[in-house]
Amino acid sequence: MNGRVFVIGLGLIGGSLALCIKKQHKEVTIKGFDINREQARLAKMLGVIDEAAENIPEGAKDADLIIISAPVNDTKSIIQALSNLPLKPEVIVTDTGSTKVTIVNTASILRKQGITFIGGHPMAGSHKSGVSAAKEILFENAFYLLTPDDNVEAVKVERLKEWLKGTNAKFLTIAPSNHDYLTGIVSHFPHIIAASIVRQTEKLSESEHLIPRLAAGGFRDITRIASSSPKMWKDILLHNREVLIELLSQWQDEMNGVKDLLETGNGEEILDYFSQAKRFRDGLPQKEKGAIPSFYDLYVDVPDYPGVVSEVTGYLAQEKISITNIRILETREDIIGVLVISFQTEEDRERAEKCILSYTSFSTSYGS
Ligand SMILES: NC(=O)C1=CN([C@@H]2O[C@H](COP(=O)(O)OP(=O)(O)OC[C@H]3O[C@@H](n4cnc5c(N)ncnc54)[C@H](O)[C@@H]3O)[C@@H](O)[C@H]2O)C=CC1
Ligand SMILES: O=C(O)C(=O)Cc1ccc(O)cc1
């Protein structure tokens, strides 16, 4: 496709979408604007956008596609600002916000002026923020939820999907309220729980100084998302209050149930509690990237001798397999047990496994 794209909010998601669009549609010109001039400057320097706009009116006036990728409350104000501007009549305006009801309602102001707004939410990301974390592979295989109104022509939705084809995401159309309910369950609520576990641990560590050093492995896995942008999550919680309040009530009942199990000390029921959780967790589709994306992790059981980590990464480098992350699961402090190496694609993980098995006798697995 040819034309002009304007991205407002040049962070992780806006930057990644700009990269995807440029990869697929080489002829387009991508302009960007960020309220934080440093992010805009960085976006231009990294080649994420072609030009930085001075302000929203300048970037919006001749755009064929406008993508708003700011925190959800700022998205509301940006929609309001766009509604006061002369836009191309055929422009498509979309957003990437993690909530949809409030945003889609706010966008009725654009619809009244004959401007097409299609709510969007690419359900992949990370706890990192900012354009420097942007990558064109971020949305590969992830769900990309779209919430067009009934009066949006199907051809416009198809055009938006064509613009976003380079994401290699799976598009799914859904009603805004259903969106907020479902993402409340699988994405927003887990963020509250992760933050609450970290906060409880922080309080307890005031009197137990060993806690931060012991908080490895599972603690880090379950709390990774507590390192996400506080501003972004403040906005999301405020937009999805009702759903989250209901989920919190259910969670409190769930926790009271666990407390009862502990008080009665019924081993059979405790076993059943964990077994049922394991059954559902193990049954989740592994190839699917959900709201909480998994990277393609390879677990390598390594013996503990000096240089074992660089030995493994050296083999991968020889075969030109890039890794996105590497960490050590410690079974005992200072003793390497398992290396967890993350890859961007499933294919890279498979190649890496073959490579490690051919050079070493270490055992490997995909975890689950
Ligand atoms: N981080 C994630 O994993 C995901 C985030 N989202 C949603 O996408 C949106 C963007 O998130 P990220 O890119 O992660 O955040 P980010 O923090 O990396 O980037 C947001 C950018 O928007 C800019 N911004 C804020 N107000 C602005 C305004 N009025 N005008 C222009 N720029 C403005 C900020 O300066 C920042 O550079 C949010 O609505 C978020 O809920 C959706 C999917 C995943
Ligand atoms: O880092 C993670 O695992 C996330 O949870 C990413 C994420 C954040 C917000 C979304 O709306 C969708 C995905």
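What counts as what
Along each chain, the written sequence defines residue order, and numbers are assigned to residues from 1. To label them, take the chains in the order written and letter them from A, then take the ligands in the order written and number them from 1. Per-residue local features are limited, in this predicted model, to residues with pLDDT of at least 70; the limit for side-chain atom pairs, both in listing and counting, is 80 or more; totals at the level of whole chains, interfaces and linings are taken over all residues. Any residue whose C-beta atom, as placed from the backbone, lies within 6 Å of a molecule or strand is termed near it. Each helix is a run of H or I in the DSSP string that is no shorter than four residues. Each strand is a run of E no shorter than two, and both are numbered from the N terminus. Residues were grouped as follows: Ala, Val, Leu, Ile, Met, Phe, Trp, Tyr, Cys and Pro as nonpolar; Asp, Glu, Lys and Arg as charged; and all remaining residues, including Gly, as polar. Residue ranges for the domains originate in an automatic or database domain assignment. Field definition: a residue is buried when 20 or more other C-beta atoms are found within 10 Å of its C-beta, exposed when 12 or fewer are, and partly exposed for counts in between, with C-beta atoms placed from the backbone. By this definition, two strands are paired if DSSP reports at least two bridges between them. Classification remark: right-handed applies to a crossover when, strands pointing away from the viewer, the course from the first strand over the helix to the second runs clockwise. By definition, a nonpolar core groups buried Ala, Val, Leu, Ile, Met, Phe, Trp, Tyr and Cys residues that are joined through C-beta atoms within 7 Å. By definition, residue pairs are in contact when their C-beta atoms, positioned from the backbone, come within 7 Å.

So, about the site of ligand 1. Surveying the vicinity of ligand 1 reveals 31 residues, the closest of which are Gly-9, Gly-11, Ile-13, Gly-125 and Ser-129. Mapped by element, the contributors of at least two residues to the shell around ligand 1 are helix 1 (12–24), helix 4 (72–83), strand 6 (116–122) and helix 11 (230–239). The greatest single-element share of the shell around ligand 1, amounting to 4 residues, is contributed by helix 4. Considered class by class, the residues forming the shell around ligand 1 number 13 nonpolar, 16 polar and 2 charged. Residue-level mapping places the shell around ligand 1 at the junction of two domains, with at least three residues from each of domain 1 (4–174) and domain 2 (179–282).

For the rest of this paragraph, the subject is the pairing of strand 7 (residues 143–148). The buried fraction of strand 7 is high, at 5 of 6 residues. Relative to strand 7, strand 6 is paired through 5 bridges, and the arrangement is antiparallel. When the sheet's bridge partners are listed, His-121 is paired in strand 7 with Leu-145. Of the pairings in the sheet, the one linking strand 7 to strand 8 (residues 170–173) comprises 4 bridges and is parallel in character. Bridge pairing links Leu-145 to Leu-172 in strand 8. The handedness of the strand 7 to strand 8 crossover, carried by helix 7 (residues 154–163), is right-handed.

Attention now goes to unusual backbone geometry. Leaving glycine out, the prevailing phi sign among residues is negative, and the prevailing peptide bond configuration is trans. The residue Asn-141 is not glycine, and still its phi comes out positive at about 70°. Within the fold, Asn-141 resides in the loop between strand 6 and strand 7. Assessed through the 16 C-beta atoms surrounding it within 10 Å, Asn-141 is described here as partly exposed. For Asn-168, which is not a glycine, the phi torsion comes out positive at approximately 55°. Within the fold, Asn-168 resides in the loop between helix 7 and strand 8.

For the rest of this paragraph, the subject is the nonpolar core. If you look at the biggest cluster of nonpolar residues, it comprises 59 residues, and the most contacted ones within it are Val-7 and Ile-66. Ranked by residues supplied to this core, first place goes to helix 1 with 7 residues. Discounting chain neighbours no more than four positions away, the residues touching Ile-66 are Phe-6, Ile-8, Ala-60, Leu-82, Val-91 and Val-93. Membership of the second largest hydrophobic core comes to 12 residues, among which are Val-312, Ile-341, Phe-343 and Ile-356.

The subject of this paragraph is the sheet that holds strand 1 (residues 4–8). Across the sheet, 8 strands lie side by side as 3-2-1-4-5-6-7-8; this open sheet has mixed pairing. Here the strands that pair on one side only, and so sit at the sheet edges, are strand 3 (51–52) and strand 8. With 2 bridges connecting them, strand 2 (residues 29–33) and strand 3 associate as parallel partners. The residue bridging Lys-31 from the neighbouring strand is Glu-51, located in strand 3.

Take it as geometry only, folks, not as evidence of what the structure does.
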